[in-house]
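Chain and residue survey
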Amino acid sequence: MTATKASSRPFMVSYYLADLNPHRDKSIGISNYTFDLVRAVSELRQLRIHTLESRSSLHHPCADQRDCWPFRTDTVAKRMLIDAVAWVPLNAAPSEIIHFTKGLLPPTFLSTKKIVVTIHDMILDHYQRTYPEERSALEWRYWTRVLERTLLRADAIITVSEHARAQIEAFAHAHKLPLPSIFVTYEGSRFESYAGTEPLASRRPVFVAFGSPHPHKRTQRLTELWCGRQAARDHTLQLIGNVPKAVTALAAQRDDIECLGSCEENALIGRLRATRGLLVSSEIEGFGLPVLEAAYLGTPSVVVRGTSCHELLDGYDRLTFDLDSQRSFDQALQALLDLPATWSHDAPRRMLERFRWSKVAKATMNVYEQVLLEPARTHPAREPPRARKLDE
């Protein structure tokens, strides 16, 4: 949906940061998205920013007003506690909108304010259907109810790709849920400030991939395809990050696979600038940030067909493959090797036109203004408890 521009009057938005703890691996991506989004929207003059934080959570220097819980929220028990009472300071703040960038409303959250949620993907639903053994039946029921309540309660949903929008709509259809308006704002990256690329032809005969033990990342399947390839036979695959034990064992037996472990940002930028290409084997993503960041550095990516990463390729369909097809993987590798030398110069410019943070901020501001124009959705979960008279 495209937002209708409202009159530009000053207003305040509250951001719930207390459940974002950047030092915890699972929060890093969403914490970075939230920090960069708040920084970008803070540059739009008509918006004032309120944040709810904790001692351990993300803190934002652009906040005009902040509330900070005097304890840490980086354990499950403390996050559940903060979720249970978060509505108190958020309702008391002089904001008109509360934005939950983590995508899920606290189960007990009650408010009459307008609610915006950013849902990056429906990976919980994907795991329940594809990898049910990853959680207990009780946990799946709990998270399904949280997702359902979030969709029923939100006045607007922001998401980061058309593919993610389709995931949300499919979940709502399967669970017979009415949806609020969904706005695709996409996502930016701090890598947009980096400049300078090496021509593709002068790069080392190396491909890079981000390894992961999580099933949906399909790292082991990627190494199987790499071992069976017919294209790029003289190239090496470097895996960055944690990888499954089976991949470590395989790499120890081969000269064309290296497991590098973790990599600091500056070293990562150097590797991406020097590599021939990035291989992304994830079967589901919300946006596909590594593809965008690699492109900013002039590095093309090979990605799984039909994912949000495919959406970012801007027409380069030949750089996609099917996880169950060795032939399509080989064809995608060869297509990357055949890219014109000008690709590394043209790609950053094209990506900036589509995904610059200032553009994402303006799209997000349009969502806020649209939400303020429309009546609130009616749902029992909106109303906070009211004081009762003694004779009631």
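Refer to the preceding data block for the structure.
Residues numbered from 1 in each chain as written. Predicted model: local features only at pLDDT ≥ 70, side-chain atom pairs only at ≥ 80, totals over all residues. Heavy atoms only, no water.

**Here's the deal with the overall build of the protein**
Broken down by element type, the protein carries 14 helices and 13 strands. In terms of overall dimensions, the protein is globule-like: its C-alpha atoms have a radius of gyration of 22 Å, near the 21 Å expected for 392 residues. Across the 392 residues that make up the protein, the buried fraction comes to 52%. By sequence separation, contacts in the protein at least 24 residues apart represent 68% of the contacts at least 6 residues apart. Accessible area for the protein stands at about 17,900 Å²; split by element, carbon and sulfur atoms hold 53% of it. Looking at charge distribution, the protein has the averaged site of its 50 positive side-chain charges lying 3 Å from that of its 46 negative ones. (Helix = DSSP H or I, 4+ residues; strand = E, 2+ residues; numbered from the N terminus. Rg over C-alpha atoms; globule rule 2.2 N^0.38 Å. Buried < 20%, exposed > 50% of the residue type's maximum accessible area, 1.4 Å probe, protein only. Contact = heavy atoms within 4.5 Å. Areas by Shrake-Rupley, 256 points an atom, 1.4 Å probe, with all protein chains shown as cover. Lys, Arg positive; Asp, Glu negative; His and termini not counted. Charge placed at Lys NZ, Arg CZ, Asp CG, Glu CD.)

**Description of the sheet that holds strand S13 (residues 320-321)**
Read from one edge of the open sheet, six strands run S10-S9-S8-S11-S12-S13, paired in parallel fashion. Pairing within the sheet leaves two strands with one partner each, and these edge strands are strand S10 (257-261) and S13. Sheet topology note: the strand S9 (residues 236-240)/S10 ladder contains four bridges and is parallel. Bridge assignment links Leu237 to a residue of S10, and that residue is Ile257. Packing of helix H9 (residues 265-274) onto the sheet brings it into contact with strand S8 (206-210), S9, S10 and strand S11 (277-280), and relative to S9 it is tilted by some 155°. (Pairing = 2+ DSSP bridges. Axes fitted to C-alpha atoms, helices over the stretch in contact; angles between N-to-C directions.)

**Re the nonpolar core**
If you look at the biggest cluster of nonpolar residues, it comprises 54 residues, and the most contacted ones within it are Phe207, Trp226, Leu279, Phe321, Phe329, Leu333 and Phe355. Setting aside residues no more than four positions away along its own chain, Trp226 makes contact with Phe207, Ala232, His235, Thr236, Leu237, Asp256, Ile257, Leu279, Phe329 and Leu333. By size, the runner-up hydrophobic cluster in this structure holds 28 residues, among which are Ile115, Ile168, Phe171 and Ala172. (Core = buried A, V, L, I, M, F, W, Y, C linked by side-chain atoms within 4.5 Å.)

**Looking at unusual backbone geometry**
Even without a glycine there, the phi angle at Arg218 is positive, about 55°. Relative to the assigned elements, Arg218 resides in the loop between S8 and helix H7 (219-227). Among the residues examined, Arg218 registers a relative accessible area of 26% and is labelled partly exposed. Positive phi, normally seen in glycine, also occurs at Ala232, with a value near 55°.

**Quick notes on the pairing of strand S4 (residues 97-100)**
For a regular strand, side chains alternate in direction, first toward one face of the sheet and then toward the other. With burial as the criterion, each face of S4 is covered, one bearing Ile97 and His99 and the other bearing Ile98 and Phe100. Direction of pairing for strand S1 (residues 11-16) relative to S4: parallel, over a ladder of three bridges. Looking across to S4, one finds that Ser14 is bridged to Ile98. Here S4 pairs with strand S5 (residues 114-118) via four bridges, running parallel. Looking across to S5, one finds that Phe100 is bridged to Val117.

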